[in-house]
Amino acid sequence: MTPHPRRTLLRAALFGAAGTASGTVLSACTTFTEGLDFAGKTIHPLTTYAMSGLGNTERDYASSCPTAELGEGLAVRGEEVADAQPAVEAWLRRIGLLPR
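A brief look at the structure comes next. Fair warning: this is a prediction, and the values are worked out from it, not measured in the lab. (Residues numbered from 1 in each chain as written. Predicted model: local features only at pLDDT ≥ 70, side-chain atom pairs only at ≥ 80, totals over all residues. Heavy atoms only, no water.)

1. Focus: the pattern of salt bridges
Taken as a whole and judged by the stated rule, the model has two salt bridges. A salt bridge links Asp60 to Arg59, with the shortest nitrogen-to-oxygen separation between them at 2.8 Å. Taking the relative accessible area as the measure of exposure, Asp60 reaches 9% and is therefore buried. Measuring nitrogen to oxygen at the nearest pair gives 2.8 Å for the salt bridge that ties Glu72 to Arg94. On the criterion of sequence distance, the pair formed by Glu72 in the loop between strand S4 (69-70) and strand S5 (74-77) and Arg94 in helix H4 (residues 85-94) is long-range, its members being 22 residues apart. Classification of Arg94 by relative accessible area gives partly exposed; the value is 43%. (Salt bridge = Lys/Arg side-chain N within 4 Å of Asp/Glu carboxyl O. Buried < 20%, exposed > 50% of the residue type's maximum accessible area, 1.4 Å probe, protein only. Helix = DSSP H or I, 4+ residues; strand = E, 2+ residues; numbered from the N terminus.)

This is the structure we're talking about:
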């Protein structure tokens, strides 16, 4: 039996990666995560934004993934995405996913 494609994501670190609208995670993202078992998993929110930074991202994922642990998130201003590699790499080091 082949595992459901969405469930295979849950075996590794999970990133809640999406843009925000008015500081809130897009409903397509929370709809995707609702109903999945995140027990023992950590979600690291990653978002692009215009004005709100992480906004309510952590609250939104806490609500749609109540069994998950929320780790440190990263917000990148949309206009700065092309130059964000150093910030993303530093964040990945802080959360332990890249060697120091």
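2. A word on the side chain of Thr57
For Thr57, the position within the fold is in helix H3 (residues 57-64). A distance of 2.5 Å separates the side chain of Thr57 from the backbone oxygen of Leu54, its partner in a polar contact. (Polar contact = N/O pair within 3.5 Å; in protein donor to acceptor, adjacent residues only side chain to side chain.)

3. A few points about H3
When H3 is considered as a whole, its buried residues turn out to be Thr57, Asp60, Tyr61 and Ser64. Viewed end-on, H3 has its buried residues packed into an arc of 95°, placing them on one side of the element. Exposed positions of H3 whose direction lies more than 90 degrees from the buried face are Arg59 and Ser63. (Arc of directions from axis to C-beta.)

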